[in-house]
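# Secondary and tertiary structure notes
Now for the letters of each chain:
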Amino acid sequence: MNTIRDRRERGAAVLRRFSRSTTMTLLCVVLTGYLALGVASSGAFLEGPSIRTFLRYLATPVLIGLAQMVALCVGQLNLAVGALGGFTACLMGVLMADQGVPAGVAVAAGVLAATAIGLVTGLCIVATKINGFIVTLGTMTILQGAQYWLVGTRTVDGYSAGLKDLGRAAPLNVPLVFVTALAAAALLAAFLYRGTAGRRLLAAGGNPLAARLSGISTDRQIVLAHTLSGLLIGVAALTATASLPGVNRSVGGDWLLPSFAAPIIGGVALTGGSVAVLGTVLAAFVMRLIDAARAQFSLDPSWVNFLIGVVVLGTVVGGRIHQTHLEKRGGSRGRVPPAPPPNDPRPTAVLPHPGGSG
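A brief report on the enclosed structure follows. Small disclaimer: the values here were computed from a predicted structure and weren't measured.

## Quick notes on the packing of helix α5 (residues 81–97) against helix α6 (residues 103–128)
The contact between α5 and α6 brings their axes to 9 Å, and the two run at 155°. One way to sum up the angle between α5 and α6 is to call them roughly antiparallel. Seen from above, α5 lies across α6 with right-handed handedness. Of the residues in α6, those touching α5 at Leu-84, Phe-87, Thr-88, Leu-91, Met-92, Leu-95 and Met-96 are Ala-103, Ala-106, Val-107, Ala-109, Gly-110, Val-111, Ala-113, Ala-114 and Ile-117. Its residues placed into classes, the contact of α5 with α6 shows 14 nonpolar, two polar and no charged.

What follows is the structure, given as structure tokens:
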């Protein structure tokens with residue numbers, strides 16, 4: 001009986017924490033926003049074709065958000081998300097259309113190239129000891145030049161019809177590219193939450209000094225994080241190439257802001273040591289709803305970017321204020337109480353040393 005009661009109490013505690021979490025808030029926003037758009041469109045937004053289109057173009061934002069989240073969990077920033085994704089998508093298209101490479105080989109080559117570039121980026125950060133912000137900024141510039149070298153000013157659209165059919169395939173109105181994004185999110189969650197390597201990744205981002213003292217190589221975790229980020233960007237390039245009618249030098253140009261917005265709104269800290277896979281997926285869903293509302297009501301795209309930027313900035317500032325408040329509360333609780341005045345007849349208690357028992 002006690003075991004059953006304990007399980008119920010633990011389950012109730014988990015539900016209470018979830019009800020007050022960022023994930024629960026985002027879930028409510030997603031449901032409310034989706035229903036509101038359905039009502040505003042007189043039900044057209046809830047029909048099969050609209051659902052397929054909405055989910056098809058949600059796959060890439062989910063993947064680039066997860067790619068940025070992996071870099072953030074070790075306290076790194078990846079400014080090359082869009083450039084690497086655009087370069088990889090163009091590489092796949094050129095290999096298929098210009099070189100006649102089979103779709104499977106071209107896709108594998110593109111994903112492997114993105115993963116290798118992520119690996120090299122991580123190695124450069126570790127070897128040079130230069131901030132990842134600067135290294136990925138340089139990588140972004142190089143990849144933008146390489147993307148232009150691949151396609152120039154043209155649009156490559158003569159690649160595999162089978163790949164385009166994959167992008168349009170949607171059994172039960174659920175696109176396969178969206179299923180691919182969800183599968184990648186599930187595998188990443190299992191790796192981070194259940195795997196030993198994932199826990200080491202979070203430990204290195206949360207407290208690098210403690211991680212090193214525990215025998216965890218922080219340099220190795222930085223390399224691993226950027227390699228995983230490159231892999232996810234490669235998969236995002238695959239979903240983009242399959243979904244779009246063609247690829248050109250503009251692919252990936254608008255990926256950077258959404259890649260940061262999704263994990264930050266989803267509850268990931270910029271200081272590292274935390275992940276929120278489900279929160280990142282839901283935040284990408286919210287941004288896709290905002291984009292759908294823009295199309296529904298013919299809003300200026302610049303206002304959409306302004307709104308997303310304000311939400312991201314507000315989330316960062318709010319998180320910082322909350323963290324400062326928690327630090328002040330923790331400091332006040334751990335403060336040593338003042339000694340009694342000399343004329344107090346009560347005996348003075350021997351206080352333990354702040355570092356442990358004396």
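## Here we look at the environment of Tyr-148
On the secondary structure map, Tyr-148 appears in helix α7 (residues 132–151). For Tyr-148, a relative accessible area of 42% corresponds to the partly exposed category. Beyond its immediate chain neighbours, meaning those up to four positions away, Tyr-148 contacts Thr-153 and Arg-249.

## Examining the packing of helix α9 (residues 176–194) against helix α10 (residues 196–206)
Between α9 and α10, the least distance of the axes is 5 Å, while the angle of their chain directions is 70°. Of the possible angle classes, the one that applies to α9 and α10 is roughly perpendicular. Across from Phe-191, Leu-192, Tyr-193 and Arg-194 in α9, the residues of α10 making contact are Thr-196, Ala-197, Gly-198, Arg-199, Leu-201 and Leu-202. A per-class count over the contact of α9 with α10 returns six nonpolar, two polar and two charged.

## So, empty space enclosed by the protein
What the rule picks out here adds up to one cavity of 30 Å³ or more. Taken as a whole, the largest cavity spans an internal volume of roughly 60 Å³. Around the largest cavity, the lining residues are Asn-78, Ala-80, Leu-84, Ile-117, Gly-118, Thr-121, Thr-136, Thr-139, Leu-143, His-226, Ser-229 and Gly-230. Taken together, the elements giving at least two residues each to the lining of the largest cavity come down to α6, α7 and α12 (218–243). The residue inventory of the lining of the largest cavity, partitioned by class, reads four nonpolar, eight polar and no charged.

## Overview of the nonpolar core
By size, the foremost hydrophobic cluster in this structure holds 88 residues, and its most contacted members are Phe-54, Leu-58, Leu-66, Met-69 and Leu-232. Sequence-distant contacts of Leu-66, defined by excluding residues within four places in its chain, comprise Ala-185, Leu-188, Leu-232, Val-277 and Thr-280. Counting five residues, the second-largest nonpolar core is a separate cluster that includes Ile-125, Val-126, Ile-222 and Val-223.

Scoring rules and cut-offs
Residues numbered from 1 in each chain as written. Predicted model: local features only at pLDDT ≥ 70, side-chain atom pairs only at ≥ 80, totals over all residues. Heavy atoms only, no water. Axes fitted to C-alpha atoms, helices over the stretch in contact; angles between N-to-C directions. Helix = DSSP H or I, 4+ residues; strand = E, 2+ residues; numbered from the N terminus. Parallel < 35°, antiparallel > 145°, perpendicular 65-115°, else oblique. Left-handed = near helix turned anticlockwise from the far one by under 90°. Contact = heavy atoms within 4.5 Å. Nonpolar A, V, L, I, M, F, W, Y, C, P; charged D, E, K, R; others polar. Buried < 20%, exposed > 50% of the residue type's maximum accessible area, 1.4 Å probe, protein only. 1 Å grid on protein atoms, 1.4 Å probe; cavity = no way out; pocket = protein on both sides within 12 Å on 5 of 7 lines; lining within 4 Å. Points joined across faces, edges and corners; volume = space filled by probe spheres on them. Core = buried A, V, L, I, M, F, W, Y, C linked by side-chain atoms within 4.5 Å.

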